[in-house]
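Residues per chain, in single letters:
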Amino acid sequence: MSNPIVLNVDDLTEDIPALTSSFARLMQEAIVMCMMPHNHASGVLCNLQDLESVLEEVRIDWKTSYSERIRRAFGAPRNAAERAGEGIAILTILALTEYTVFERAPIGNGFDFWLSRNDEDDQFPFQYEAGLEAKGLSHAQYPSQIVRAVNDGIDQIKNSDNADLPAWVLATEFSRPVIYLVQL
């Protein structure tokens, strides 16, 4: 494989239109909470794969230090997994596509976030062009549990009113770690 794709957790900032500084910080801390109990340090390598094969190697970097306060705030990695999965999904979309994450979608919409092309020349800068469904698993005993999370996300999108839009499902499992990516 070539050089890994680098996902820097510290890039989750208010510069991403769908995030405030506080929410971005929550995602950063959630990722650290999910990584540290499995003894993963900044720079951990993981596979980015679809349902059939490995696509790329990814390196996840962060500066946030794990602390007892973060542990007490989340209680357990399972409590942090959803926000951590969203954070990794956002970073992955930003790294691999021409889209930016610009708004959280309402519950029941079929996915978690609206995506729009990041085009500064566009007269209407943010349009509802695609969707992102993110899943986070603190620990899956078997790879089939990750695949089931991906398939649940696919079904969720296909059964929504937005099934005709391009969409991505990303599921991050933090104990291995591994990122599953499916584009619809």
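This text follows the structure it describes.
In this text, all values refer to a predicted model and were calculated from it rather than measured experimentally. (Residues numbered from 1 in each chain as written. Predicted model: local features only at pLDDT ≥ 70, side-chain atom pairs only at ≥ 80, totals over all residues. Heavy atoms only, no water.)

Draft legend 1. The overall build of the protein chain, seen in detail. A tally of regular secondary structure across the protein chain gives 4 helices and 8 strands. Counted from the first residue to the last, the protein chain has its helices and strands arranged as β-α-β-β-α-α-β-β-β-α-β-β. Taking 184 residues into account, the globule formula puts the C-alpha radius of gyration at 16 Å, and the protein chain, at 16 Å, falls close to it. Overall size of the protein chain, expressed as C-alpha extent along the three principal axes, is 45 × 35 × 35 Å. By residue count, 47% of the 184 residues in the protein chain fall in the buried class. The contacts of the protein chain with a sequence gap of at least 6 include a subset with a gap of at least 24, amounting to 62%. (Helix = DSSP H or I, 4+ residues; strand = E, 2+ residues; numbered from the N terminus. Rg over C-alpha atoms; globule rule 2.2 N^0.38 Å. Buried < 20%, exposed > 50% of the residue type's maximum accessible area, 1.4 Å probe, protein only. Contact = heavy atoms within 4.5 Å.)

Draft legend 2. Molecular detail of helix H3 (residues 77-96). Across its 20 residues, H3 extends 27 Å between first and last C-alpha, which sits within 8% of the 28 Å expected from 1.5 Å per residue. At Arg 83, H3 shows its strongest bend, of approximately 35°. (Expected span 1.5 Å × (residues − 1). Bend = angle between axes of the 7 residues up to and from the residue.)

Draft legend 3. Representation of the pattern of salt bridges. Tallied over the full model, the rule gives 10 salt bridges. A salt bridge links Arg 117 to Glu 129, with the nearest nitrogen and oxygen atoms 2.5 Å apart. Taken as a pair, Arg 117 in strand E5 (residues 113-117) and Glu 129 in the loop between E5 and strand E6 (130-137) lie far apart in primary sequence, 12 residues in all. What emerges from the salt-bridge pattern is a single network uniting Glu 82, Arg 83, Glu 86 and Arg 104. (Salt bridge = Lys/Arg side-chain N within 4 Å of Asp/Glu carboxyl O.)

Draft legend 4. Quick look at the side chain of Gln 28. For Gln 28, the location among the structural elements is in helix H1 (residues 21-35). Judged by its relative accessible area of 7%, Gln 28 is buried. A distance of 2.8 Å separates a polar atom in the side chain of Gln 28 from the backbone oxygen of Leu 12. With residues up to four places along the chain from it excluded, the contact list for Gln 28 reads Val 9, Asp 10, Leu 12 and Thr 64. (Polar contact = N/O pair within 3.5 Å; in protein donor to acceptor, adjacent residues only side chain to side chain.)

Draft legend 5. Structural view of the layout of surface pockets. Put simply, the largest pocket is a space of about 430 Å³. Of all elements in the fold, only H3, E6 and helix H4 (143-158) reach the threshold of two or more residues within the lining of the largest pocket. Among the residues making up the lining of the largest pocket, the classes are represented as 8 nonpolar, 8 polar and 8 charged. (1 Å grid on protein atoms, 1.4 Å probe; cavity = no way out; pocket = protein on both sides within 12 Å on 5 of 7 lines; lining within 4 Å. Points joined across faces, edges and corners; volume = space filled by probe spheres on them. Nonpolar A, V, L, I, M, F, W, Y, C, P; charged D, E, K, R; others polar.)

Draft legend 6. Layout of the nonpolar core. By size, the foremost hydrophobic cluster in this structure holds 42 residues, and its most contacted members are Leu 12, Ile 60, Ile 90, Leu 132 and Trp 168. Phe 102, Phe 111, Val 150 and Ala 171 belong to the second largest nonpolar core, which has 18 residues in total. (Core = buried A, V, L, I, M, F, W, Y, C linked by side-chain atoms within 4.5 Å.)

Draft legend 7. Layout of the pairing of strand E2 (residues 44-49). Looking at chain direction, E2 and strand E3 (residues 54-61) are connected through 6 bridges and run antiparallel. If you follow Cys 46 over to E3, its bridge partner there is Val 58. Between E2 and E3, which follow one another and run antiparallel, lie 4 residues. Note that E2 and strand E8 (residues 178-183) share 3 bridges and pair parallel. Counterpart to Gln 49 in the pairing with E8 is Tyr 180. (Pairing = 2+ DSSP bridges.)

Draft legend 8. Just the packing of aromatic side chains, in detail. Using the criterion set out here, one finds 2 aromatic pairs in the structure. The interplanar angle of 65° and the centroid separation of 5.3 Å between the aromatic rings of Tyr 99 and Trp 168 together place this pair among those described as edge-to-face. Here Tyr 99 is found in strand E4 (residues 99-104), whereas its partner Trp 168 is found in strand E7 (residues 167-173), with 69 residues between them in sequence. Under the relative-accessibility criterion, Trp 168 is labelled buried at 6%. Aromatic side chains Phe 111 and Trp 114 sit 5.0 Å apart centroid to centroid with 85° between the ring planes, which places their arrangement in the edge-to-face category. With relative accessibility at 3%, the residue Phe 111 sits in the buried group. According to the relative accessible area criterion, Trp 114 is buried, its value standing at 9%. (Phe/Tyr/Trp six-rings, centres within 6.5 Å; stacked < 30°, edge-to-face > 60°.)

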